[in-house]
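# Commentary on secondary and tertiary structure
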Amino acid sequence: MSWPWNELGLGGPAGLSEIRKAYAQRLKTAHPEEDPAGFQRLHTAYQEASRQARRAARSAGETSLRPPPGPEAGSQGKDGRPLEEPESPEPPPEQPEASEWDYGALLEETSEPAGPFRKTGEPPPPEWDFERLLAQGEEEAQETRRRKMEDLRHKNWARYVPQARQRREADEEEAWPAVLAAVRALELLERSEAPPSQWRQFLDSSLFLSVRADMDFVFLLEDFLRRHPDLSPEIRRGIFTAYEAQNASKYPAYKPLYRLLGVARKDKRQAARAKSAWRAAWRSYPPWRKTVIVLCAVILAIFFSIGWAVNLHAAYRDFTARREAKRWEELAPQWLEEDYGEPFLHAGSDGVFAPAAAPDLYFRASPYGERTEHWPGYQTNYPHILVKQALERFAEEQGLDLDLAAYSRETGDAPGAYLVSLPLLGAEEDVTALGELLEELSRQDWHQVPLTNPQGDAEYLVREPAEYTVYLCHRGLAFYEAPSKEGFDTEEALDLYAQAGPAFCRWILEQSGLADEQLGAGTYVFQDRETLELEDGIYFQVSGADPESGAERVRYLLSSSGSTLFCLPSEKAGRIPSSVFLHRGTIRHYQIDKVGVVIVMDQTAPG
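What counts as what
- Residues numbered from 1 in each chain as written.
- Predicted model: local features only at pLDDT ≥ 70, side-chain atom pairs only at ≥ 80, totals over all residues.
- Heavy atoms only, no water.
- Helix = DSSP H or I, 4+ residues; strand = E, 2+ residues; numbered from the N terminus.
- Contact = heavy atoms within 4.5 Å.
- Areas by Shrake-Rupley, 256 points an atom, 1.4 Å probe, with all protein chains shown as cover.
- Core = buried A, V, L, I, M, F, W, Y, C linked by side-chain atoms within 4.5 Å.
- Buried < 20%, exposed > 50% of the residue type's maximum accessible area, 1.4 Å probe, protein only.
- Salt bridge = Lys/Arg side-chain N within 4 Å of Asp/Glu carboxyl O.
- Phe/Tyr/Trp six-rings, centres within 6.5 Å; stacked < 30°, edge-to-face > 60°.
- Lys NZ or Arg CZ within 6 Å of the ring centre and 35° of its normal.

## Topic: the overall build of the chain
Each helix and strand counted, the chain has 21 helices and 16 strands in total. Within the chain, counting contacts between residues at least 6 apart in sequence, those at least 24 apart form 52% of the total. For the chain, the accessible area works out to roughly 37,600 Å², and carbon and sulfur atoms hold 51% of it.

## Some details on the nonpolar core
The biggest cluster of nonpolar side chains holds 65 residues, and the ones touching the most others in it are Leu-422, Leu-434, Leu-472, Phe-488, Tyr-556 and Leu-565. Sort the elements by how many residues they give to this core and helix α15 (residues 382-398) lands first, with seven residues. Sequence-distant contacts of Leu-422, that is, excluding residues within four places in its chain, are made with Leu-400, Ala-427, Asp-430, Val-431, Leu-472, Cys-473, His-474, Phe-479 and Tyr-497. Counting residues in each nonpolar core, the second largest holds 49 residues, with Ala-182, Leu-203, Phe-217 and Phe-240 among its members.

## Overview of the environment of Tyr-285
Tracing the chain through its elements places Tyr-285 in the loop between α13 (277-284) and α14 (287-340). For Tyr-285, a relative accessible area of 28% puts it in the partly exposed group. Contact partners of Tyr-285, with chain neighbours within four places excluded, come to Lys-290 and Ile-293.

## Observations concerning unusual backbone geometry
The omega angle of the peptide bond from Trp-3 to Pro-4 is 10 degrees, so this bond is cis rather than trans. Looking at where Pro-4 falls in the secondary structure, it is placed in the segment before α1 (5-8). One non-glycine residue with positive phi stands out, namely Arg-475, at about 55 degrees. On the secondary structure map, Arg-475 appears in the loop between β9 (469-474) and β10 (477-483). On the accessibility criterion, Arg-475 (28% relative accessible area) is partly exposed.

## So, the pattern of salt bridges
All chains considered together, the criterion is met by 17 salt bridges. Arg-20 serves as the salt-bridge partner of Asp-216, at 2.8 Å between the closest nitrogen and oxygen. Placement of the pair is Asp-216 in helix α9 (residues 215-227) and Arg-20 in helix α2 (residues 16-27), with a sequence separation of 196 residues. Neither Asp-216 nor Arg-20 differs from the other in exposure class; each is buried. Glu-517 is paired through a salt bridge with Arg-588; the nearest N and O atoms lie 3.1 Å apart. One end of the pair, Glu-517, is in helix α19 (residues 514-519); the other, Arg-588, is in strand β15 (residues 586-592), with 71 residues separating them in the sequence. For Arg-588, a relative accessible area of 24% puts it in the partly exposed group. What you see here is one network of salt bridges that share partners, running through Glu-187, Asp-223 and Arg-227.

## Section: the packing of aromatic side chains
Considering all chains together, one arrives at 26 aromatic pairs under this definition. Pairing Trp-282 with Tyr-285 gives two aromatic rings, centres 6.3 Å apart and planes at 70 degrees, and the pair type is edge-to-face. Of the residues examined, Trp-282 reaches a relative accessible area of 28% and is grouped as partly exposed. Consider the rings of Trp-328 and Tyr-378, whose centres lie 6.1 Å apart with planes at 45 degrees: the pair is tilted. On the criterion of sequence distance, the pair formed by Trp-328 in helix α14 and Tyr-378 in strand β4 (residues 378-380) is long-range, its members being 50 residues apart. Each member of the pair, Trp-328 together with Tyr-378, is buried. In this structure an aromatic cluster arises from ring pairing among Trp-328, Trp-335, Tyr-340, Phe-344, Phe-353, Phe-363, Tyr-378 and Tyr-382. It is Arg-289 that lies over the ring of Tyr-285; its NZ or CZ is 5.2 Å from the centre.

In structure tokens, the structure reads:
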């Protein structure tokens with residue numbers, strides 16, 4: 001390697017872009033303050049290498065696009081007159097004084113004017129025999145077109161890459177005189193100790209604006225700042241402001257320049273505020289508009305603050321609830337085992353648990369108050385779940401229908417009422433067995449649940465039976481109600497069950513309106529009579545009688561199934577030989593809620 005290439009770390013002659021990259025890389029190790037001699041050698045080598053590269057580029061352009069040779073000196077033209085020689089270029093103009101800078105003259109003043117740079121001509125494309133192509137088959141034609149397009153693609157890329165590189169080098173070559181002129185202006189301004197006003201004039205000139213973003217100028221400006229560290233802060237701030245106008249701080253390439261300028265953070269913030277569009281718009285608003293905007297902003301801030309506070313409170317509440325729920329899931333099985341004497345498991349859902357011996361028997365338990373010797377510290381429906389399990393087992397064993405009421409049917413929930421459906425006859429043993437079961441359940445320890453959390457320093461724990469109600473009914477119509485707090489009275493239940501048939505008959509007559517139709521509304525009273533037993537079954541009897549005299553006017557007989565009603569006039573009611581006698585008269589059908597269709601055999605019609 002030979003100088004200047006070895007000084008730049010290059011293996012030999014290179015293009016302008018490679019030279020500038022190498023120069024920028026070597027500037028990192030050749031600082032002007034630490035190694036002035038090395039920096040001077042590097043800078044001299046950079047200038048000489050750039051000059052040779054530009055000369056080589058011009059020579060290559062002139063060789064490729066050289067014009068036809070001109071006439072030699074002393075030659076004559078076609079008319080016999082000697083050809084005139086070109087005039088010699090005029091000497092460069094003198095440099096202006098420091099007080100008045102002619103930046104246009106500086107831009108035109110170059111020691112080495114740039115030569116022409118033209119594109120090389122391209123050979124004409126080959127001619128294609130279209131008749132031959134049309135004669136070929138479709139497959140061969142497609143293959144030929146594909147090869148032609150690939151050839152054109154390669155040819156265009158081979159032409160585009162050198163042209164793009166040449167255009168880039170040409171742009172750099174055209175900008176280089178302006179870069180040199182701008183750097184010369186910097187040197188003149190610094191050498192003549194120009195005032196800040198002259199510096200501002202230069203920074204606002206078209207010369208500086210044309211090269212401000214050129215990286216060659218940026219590198220040379222960094223070199224200038226290193227060599228002149230004593231520039232006043234005002235001048236440095238002016239250079240910073242000129243670059244910050246194009247947001248140079250956003251690009252990493254300008255970081256070394258900003259470090260050399262040494263601008264304080266305060267100046268950077270001021271420059272950012274000066275460029276802010278909304279600040280400029282704000283300053284242009286009239287006072288009334290500013291007032292309206294401020295009030296709207298305050299109102300919005302208040303609403304956002306309220307919403308933020310509400311959301312924060314809700315988030316904190318949810319977090320607390322999740323934390324307490326997790327703690328309860330770990331603590332509840334321990335307390336339940338202490339109170340009920342068997343192990344329990346958490347069932348997976350919030351507040352749902354189950355006995356370890358029966359993992360499908362879900363119930364609910366939630367914390368409530370502090371656990372003391374007088375209060376368990378939680379509420380649970382586990383006793384209600386045990387009652388539900390016992391009644392469902394009883395109904396299945398006895399073959400009875402059991403309906404659950406006041407029941408959400410969610411996992412772990414228990415009903416508040418149980419409807420036991422009984423036939424109108426023959427269920428006395430079922431009623432007795434149900435009374436015995438409920439009596440046995442009421443004596444269990446778990447059947448007694450604590451009341452609400454006692455207030456103050458209570459020294460005892462008040463317990464009452466688990467709250468639920470059992471109903472005895474027929475077709476959804478209850479004739480006996482037994483709340484758990486009052487207990488199940490078997491004798492009363494049996495008495496009411498014995499009257500269930502006539503009561504059901506009266507209900508049908510009232511709901512269907514049959515008695516009003518036959519006797520007249522408000523002109524009768526019902527009187528229960530003994531059941532009538534015939535060869536095919538038992539019938540419940542109710543009389544429609546005169547309210548004053550008590551004389552019977554119509555006799556109503558209801559079958560034990562509750563689906564057929566017989567109407568007899570009083571004169572026929574005293575002699576009923578058989579069930580065949582009942583099935584005479586007019587047939588009617590009544591649709592009654594909860595009961596369904598009731599067949600009526602009416603013999604009260606005249607004739």
